[in-house]
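Spelled out, the chains give:
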Amino acid sequence: MKAPTYAELASELTRLHDAREAVIEQALDALESRHPPLAQLVVSCVGDRHRAARWLVMPQRAFSGRNAYDMLADGDLDGVWEQVVLKQLGIVAAM
């Protein structure tokens, strides 16, 4: 089996990056359609839509290393609300 060239690897990394970006955007779109007030608060709290989308997919200490979408997938909408409100208030949860 032949090892891929650096050009092939670079191309694949670009493709994966673009696919990830698209999914991150879709996830924020889904949050905006299912829970508009929460999505608006996240955008307001973090500063803009792009940063909000990134915050939602970043592992959070308050979620035991999981991200907000993991919490939402488990049905913990209240837990996400709580962390967003704490973030809005400038309180960092020490969990």
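Predicted model only: the values in this text are computed from it and were never measured.

*Asks:* Describe in detail the confidence of the model for the protein, supporting the description with residues and values.
*Replies:* Predicted confidence across the protein gives a mean pLDDT of 93, with 95% of residues reaching 70 or more. The lowest-confidence element of the protein is helix H5 (residues 77-89), averaging 90 in pLDDT; the highest-confidence one is helix H1 (residues 6-34), averaging 98.

*Asks:* Hey, could you go over the environment of Val80 for me, with residue numbers and the actual values?
*Replies:* With respect to the secondary-structure elements, Val80 resides in helix H5. Val80 gets classed as buried once you look at its relative accessible area, which sits at 1%. Placed 70 residues apart in sequence, Val80 and Ala10 show a C-alpha to C-alpha distance of 36 Å. Non-local contacts of Val80, meaning those with residues more than four positions away in its chain, are made with Leu38, Phe63, Ala68, Met71 and Leu72.

*Asks:* How would you sum up the pattern of salt bridges? Please name residues and give values.
*Replies:* Scanning all chains against the criterion turns up 6 salt bridges. Note that Glu21 is salt-bridged to Arg54, the shortest N-O span being 2.1 Å. Pair noted here: Glu21 is in helix H1 and Arg54 is in helix H3 (residues 49-57), with a separation of 33 residues, a long-range link. Note on Glu21: relative accessible area 24%, which makes it partly exposed. Between Asp29 and Arg49 there is a salt bridge, and its shortest N-O distance comes to 2.6 Å. Of this pair, Asp29 sits in helix H1 while Arg49 is found in helix H3, placing the two residues 20 residues apart along the sequence. When salt bridges that share partners are traced, they join Glu25, Asp29, Glu32 and Arg49 into one network.

*Asks:* Which residues make up unusual backbone geometry, and what are the values?
*Replies:* Of note, Ser64 is a non-glycine position whose phi angle comes to about 55°, a positive value. Note on placement: Ser64 falls in the loop between H3 and helix H4 (68-73).

Calculation rules
- Counting starts from 1 at the beginning of each chain's written sequence and moves along it residue by residue.
- Only residues with pLDDT of at least 70 get local features here, since the model is predicted, and only at 80 or more are side-chain atom pairs given and counted; chain-wide, interface and lining totals rely on the full set of residues.
- Each side-chain value is derived from all of the structure's non-hydrogen atoms; neither hydrogens nor water enter the calculation.
- Along the chain, pLDDT gives the predictor's confidence residue by residue, from 0 to 100.
- In DSSP terms, a helix is any run of H or I states spanning at least four residues, a strand is any run of E spanning at least two, and both are numbered starting from the N terminus.
- Exposed residues in this analysis have more than 50% of their type's maximum accessible area, buried residues have under 20%, and partly exposed residues fall in between, with area computed by a 1.4 Å probe over protein chains only.
- What makes two residues a contact is simply this: any of their non-hydrogen atoms within 4.5 Å.
- One speaks of a salt bridge when a side-chain nitrogen belonging to Lys or Arg is within 4 Å of a carboxyl oxygen belonging to Asp or Glu.

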